[in-house]
Amino acid sequence: MPADLHIHTTYSDGSDSPQKVVERAVAQGLDAIAITDHDTVSGVPAALEAARDLPLVVVPGVEINTDYMGREIHILGYFINIKDPTLIHRLGLLATARDERVSRIVGRLGSLGVHIELDTIRFKKAGTLGRPHVAEALRSAGVVSTIQEAFDRFIGRGRPAYVPRSWYTPGEAVTMVLEAGGIPVMAHPGPADADRMIPKLAESGLKGIEVFHPEHSQPDIDHYLQLCQRYGLIATGGSDYHGHRYRSQLGQSTVSKTVVDQLRRLSL
Ligand SMILES: [Zn+2]
Ligand SMILES: [Zn+2]
């Protein structure tokens, strides 16, 4: 009874709508999914609605991008109250910061002689903007041939059109999720190189680690299972599915549906 607890939709940088994700999840025989768009919960209602009469549990979620001394750490929030006014306000601030950052990146590209229209990035976006959207605009404009090339040549850290972020800290994101009635979980600590943060975040209310993720090797998985045991955390997992934008497939990394029940119980 598999559950894929890390999925992006068109409300952030995924390429499938929430309805499409639900359709695919049912076709694949998943029992539960979590919609975890970057810094927004706007895709959750459409997924809940689409799954209403289907044998699929949709967990309301979010993936909050945070910054720890220049490193990007992602905090997942499960069973979060998507109508919580404080949460909506705080996510709104993040969305504004993202918009401003993307505008500045587009400005820097312009000063390098690479002109893309912000509106072509924004026109079909209902949710949060990020560098993947700029990369896609560069690819459609024929400036680069792959998303990776856009990051390597222009918008990756240390590249000429890179603009640093100013986001919440991981601890603030954990608090944000808790205050909205949700369960905070550290996303993909392997690629984020975030091990050092786990003990302190566990003290601040972190409840789980995303152990199963396409970018975790078997030794990574064993290592994070041990950390879960040491700090009394739940081992979660998900594919980090982005539709056609990244390699991972829906359902590529899953956990048993009992994990969903554990998370739900904690949120009550
Ligand atoms: Zn992430
Ligand atoms: Zn993600």
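None of these values were measured; they are calculated from a predicted model. (Residues numbered from 1 in each chain as written. Chains lettered and ligands numbered in written order. Predicted model: local features only at pLDDT ≥ 70, side-chain atom pairs only at ≥ 80, totals over all residues.)

## Digging into helix α3 (residues 85–111)
And then number 1: With 27 residues, α3 should reach 39 Å at 1.5 Å per residue; the first-to-last C-alpha distance of 39 Å fits that figure.
And then number 2: Downstream of α3 by one or two residues, G113 has phi in the positive range, about 90°. (Helix = DSSP H or I, 4+ residues; strand = E, 2+ residues; numbered from the N terminus. Expected span 1.5 Å × (residues − 1).)

## Let's talk about the pairing of strand β7 (residues 234–237)
And then number 1: Two elements, strand β6 (residues 208–212) and β7, share 4 bridges in a ladder whose sense is parallel. Looking at β7, one finds that F212 is bridged to G237.
And then number 2: In this fold, the crossover linking β6 to β7 by way of helix α10 (residues 218–231) has right-handed handedness. (Pairing = 2+ DSSP bridges. Right-handed = clockwise from strand over helix to strand, strands pointing away.)

## Re the packing of helix α5 (residues 131–140) against helix α6 (residues 147–155)
And then number 1: Following both chains from N to C, one finds α5 and α6 inclined at 105°, their axes separated by 9 Å at the closest point. As far as their axial angle goes, α6 and α5 are roughly perpendicular. Residue-level contacts link R131, P132, V134, A135, E136, L138 and R139 of α5 to I147, A150, F151, F154 and I155 of α6.
And then number 2: Of the residues assigned to the contact of α5 with α6, the class counts are 9 nonpolar, no polar and 3 charged. (Axes fitted to C-alpha atoms, helices over the stretch in contact; angles between N-to-C directions. Parallel < 35°, antiparallel > 145°, perpendicular 65-115°, else oblique. Contact = placed C-beta atoms within 7 Å. Nonpolar A, V, L, I, M, F, W, Y, C, P; charged D, E, K, R; others polar.)

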